[in-house]
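Per-entry structural report
Below are the chains, spelled out letter by letter.
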Amino acid sequence: MSIPLPDSRPTGLEPVFALATGNGRAAIAIMRVSGEGSGDILRKLSGKLPPPRRAALLGLWRDAASGEDHLDDALVLWFPSPNSYTGEDSFELHLHAGPAVISAVADALVEAGARPAEPGEFTRRAFMHGRIDLTEAEGIADLIASETEAQRRQALSQVDGALSTLYRGWADRLRIILAQQEALIDFPDEDLPPEVEEGLLAEIAALNDEITTHLSDGNRGERIRRGLVFAIAGPPNAGKSSLLNWLVGRDAAIVSSVAGTTRDAIEIAIVLAGTKITIVDTAGLRETTDPVEAEGVRRAMFHVEHSDGVIQMFEAGDAPDFLLPDAIAVCNKIDLHPAPAVIRDTPVSGISIRTGEGLSHFQATLETKVRALTAGSGGPPLTRARHRAAAEEARTSLEAALRLDWPEMRGEELRLAMRALGRLTGEVGVEDILDTVFGQFCIGK
Ligand SMILES: Nc1nc2c(ncn2[C@@H]2O[C@H](COP(=O)(O)OP(=O)(O)OP(=O)(O)O)[C@@H](O)[C@H]2O)c(=O)[nH]1
Ligand SMILES: [K+]
Ligand SMILES: [Mg+2]
C-alpha cells in the first residue's frame, strides 16, 4: 500500500510574483506566483482553486468574495507543492497582455499579500527546495540567454543534468575513496594488506586524470557560452574593413583608399556554424606619429592578443614576413595581383572583396576554425569560470593527496577535494556565490 502524498506541503517562504513573459506588445502575459499561501491568494482573486495542473478559465477580481473590481478573465494553472517549478505552491495567470491588466493584477497580488520577485528568485527557490542543482540553474539562465544553436544545445544539456551527473559521479567515487581512507586511518597498516592502499591511490589517480581531462578542454564550453571573438588585423588598406562589412552583410565600417581610416576597433556579432562570433575590425598596423592612430594600433594589438582567433589580412603583392600563430592568412585584392598559395607552410586564402572571388572558400575556412575551437570529444564541457575554479581546486587537493603518505593528511586533502566537488553542484559552501549566480537572471525566472 502506498501512502498518498499530502496535497501541498509548506515551504515557509513568502509568496512572490513576477511577469514570466517579456514586455512589449503581445496577446498573452503570464504572471507567476509562488510561495506559501499562494493558494489563498488565488482563492481571493478567483474565488476557487482549479484542479491541479489543469487549465481553467476563471474570472479574476480584486476580491472575488465581494465581486469587487473585475480585473480580467484568465487561463489559470494551479501547481500545488511539491510539483511545481519552485517546489512551492504556485500558480500561473495567463492574462490578456494589456499593460493596464498587468498592473491591476499586480496591485491585487500585492493587496493579497505577495511581493514582487527578485531577479532569479523563482529559480533560486527551485534550487533551495532541491528541485535542481546549481549547474542546472545556471543552464536555465544560459538557455534563456541563448541566441545560437550551439548555445541552445549546450545550455539544454546542462539543464537536463549533463554536468550535474558528471560532477555527482565524481563526488560519489570520492566518497568511497574517503571511506576507504578513513578505514586506513582507523586500522593501523599492519592489519591491512598493502593492496588496499595501492588500490586507493590508483582510484585517486584515476579521478584526478578525469578531472584534468575535463579541465583541459581548450575552454570550448565557455567559448560557446559567451561566443568567439575573431580580430581582423593587418597593414593599412589591406581591406580589413571591407571584409568586416562583407561578413556582417552591411556597411558597418568606413572603407576608403586612405591608409589609416579605421582607428576605433569595431565589434560586430554574427552567427557562423551555429556559433556566436564577434568580429573585430581594427586599425591598420604600422608605425605612426599620429597619436590618435597610434592609440588605434595599440587597441588593434590588444584585440589580436585577446581574441580566440585572428584573421591576418594583407594585400596581394605585399605578403607579410611573418604570420601570427594559428592565424587564418587572407590575401585580398587578387583581382590586382596573384596571391601566394602558402606562407611559411600556412595555406593562404586568396580573395577579392571587389569581385567576390575566393570569399565562399574563405568563409568555409573560417567555419572550420570555429568548429575546431568549439568541438570536443567525450563528456559535457564546463561552461563557467566558477566550474573551472572549483574543478581546479579539487584537482589540486587530489594531487596533494597523492603526494602525501601520512594517512591523516591525505584524508584532509580528500575532504577538501570533496568540498570543492560539492561546491560545483551547490551542495556545500555556496551561500556566498548564490547572489552572483541568481542575480544574473532576469526578473520572472
Ligand atoms: N582592387 C581591390 N580593392 C579593394 C578590395 N577590397 C578593398 N579594396 C579597396 O581597398 C581600400 C582599403 O579598404 P579598407 O577596407 O578601408 O582597408 P582597411 O584595411 O580597413 O584600411 P585601414 O582601416 O586604413 O587600415 C578601399 O579603397 C577599398 O575599396 C579588393 O578586393 N580589390
Ligand atoms: K583604408
Ligand atoms: Mg579599416
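The structure presented is a predicted model; accordingly, all values stated were derived computationally and were not measured.

Focus on the pairing of strand S7 (residues 228-233)
Within S7, 5 of the 6 residues are buried, leaving the element largely enclosed by the surrounding structure. Of the strand pairs in this sheet, S7 and strand S9 (residues 275-281) are connected by 5 bridges, and their pairing is parallel. Residue pairing for S9: alanine 231 is matched across the bridge by valine 280. Summarising the sheet, S7 and strand S10 (residues 309-315) pair through 4 bridges and their orientation is parallel. Looking at the pairing, alanine 233 lines up with glutamine 312 of S10.

A word on unusual backbone geometry
Most peptide bonds adopt trans geometry, and most residues besides glycine take a negative phi value. For the peptide bond that leads from serine 81 to proline 82, omega is 5 degrees, which places it in the cis range. Turning to its location among the elements, proline 82 is positioned in the loop between strand S4 (68-79) and strand S5 (90-96). Backbone geometry places arginine 53, a non-glycine residue, at a positive phi of 60 degrees. Structurally, arginine 53 is set in the loop between helix H1 (38-46) and strand S3 (56-63). On the basis of neighbour counts, which here come to 11 C-beta atoms within 10 Å, the residue arginine 53 falls in the exposed class. Backbone geometry at arginine 344 places phi at a positive 50 degrees, although glycine is not the residue there. By the element assignment, arginine 344 lies in the loop between strand S12 (342-343) and strand S13 (346-350). With 9 C-beta atoms counted inside 10 Å, the residue arginine 344 sits in the exposed group.

A short note on the packing of helix H12 (residues 385-403) against helix H13 (residues 407-425)
At a closest axis distance of 8 Å, the pairing of H12 and H13 adopts a crossing angle of 165 degrees. By the angle between their axes, H12 is roughly antiparallel relative to H13. Here H12 runs over H13; the crossing is left-handed. Residue-level contacts link His387, Ala390, Ala391, Glu393, Ala394, Ser397, Leu398, Ala400 and Ala401 of H12 to Arg410, Glu413, Leu414, Leu416, Ala417, Ala420, Leu421, Arg423 and Leu424 of H13.

Quick look at the sheet that holds S13
Backbone-to-backbone hydrogen bonds join strands into a sheet, with any given pair of strands oriented parallel or antiparallel. With mixed pairing, 7 strands are arranged side by side in an open sheet as S8-S9-S7-S10-S11-S13-S12. Every other strand in the sheet has two partners, leaving strand S8 (266-272) and S12 as the edge strands with one partner each. As defined by bridge partners, S8 adjoins S9 across 7 bridges and the pair is classed as antiparallel. What sits directly across from leucine 272, in S9, is threonine 275. Contacts from helix H9 (residues 240-248) reach S7, S8, S9 and S10 within the one sheet, and its direction differs from that of S9 by about 155 degrees.

A few points about the site of ligand 1
The immediate surroundings of ligand 1 are formed by 23 residues, with Lys240, Ser241, Ser242, Thr262 and Gly284 found nearest. The element contributing the most residues to the shell around ligand 1 is H9, with 3 residues. Class assignment for the residues of the shell around ligand 1 results in 7 nonpolar, 12 polar and 4 charged.

Some remarks on the UniProt feature "binding site: Mg(2+)" (unreviewed entry) in the protein
The UniProt entry lists Ser241 and Thr262 under the feature "binding site: Mg(2+)" (unreviewed entry), expressed in the numbering used here. Spanning 22 residues, the named residues nonetheless gather at one spot, since no C-alpha pair among them exceeds 7.6 Å. Relative to the helices and strands, serine 241 is located in helix H9. Mapped onto the elements, threonine 262 comes out in the loop between H9 and S8. Once residues within four sequence positions are removed from consideration, threonine 262 is found in contact with Lys240, Ser241, Ala253, Asp281, Thr282, Ala283, Gly284 and Gly296.

Conventions and cut-offs
Along every chain, residues carry numbers that run from 1 in the direction the sequence is written. All chains are assigned letters beginning with A, and all ligands numbers beginning with 1, in the order in which they are written. Since the coordinates come from a predicted model, pLDDT governs what is reported: local features require at least 70, and pairs of side-chain atoms require 80 or more to be given and counted, while whole-chain, interface and lining totals use all residues. Buried, partly exposed and exposed are defined by the number of other C-beta atoms within 10 Å of a residue's own C-beta, namely 20 or more, between the two limits, and 12 or fewer respectively, with C-beta atoms placed from the backbone. Secondary structure elements are defined from DSSP: runs of H or I of at least 4 residues count as helices, runs of E of at least 2 residues count as strands, and each element is numbered from the N terminus. Two strands are said to pair when DSSP picks up at least two bridges between them. Fitting a line to C-alpha atoms yields each axis, with helices limited to the stretch in contact; the angle taken between N-to-C directions then spans 0 to 180 degrees. Between 65 and 115 degrees an angle is taken as roughly perpendicular, under 35 as roughly parallel, over 145 as roughly antiparallel, and anywhere else as oblique. Left-handed describes a crossing in which the near helix is turned anticlockwise from the far one by less than a right angle; the clockwise case is right-handed. We call two residues in contact whenever the C-beta atoms placed from their backbones are within 7 Å. Each residue gets a C-beta atom placed from its backbone. If that atom is within 6 Å of a molecule or strand, the residue is near it. Throughout, the ten residues Ala, Val, Leu, Ile, Met, Phe, Trp, Tyr, Cys and Pro are labelled nonpolar, Asp, Glu, Lys and Arg are labelled charged, and all others, Gly among them, are labelled polar. UniProt positions are given in the numbering used here, feature names are shortened, and annotations may be inferred rather than shown by experiment.

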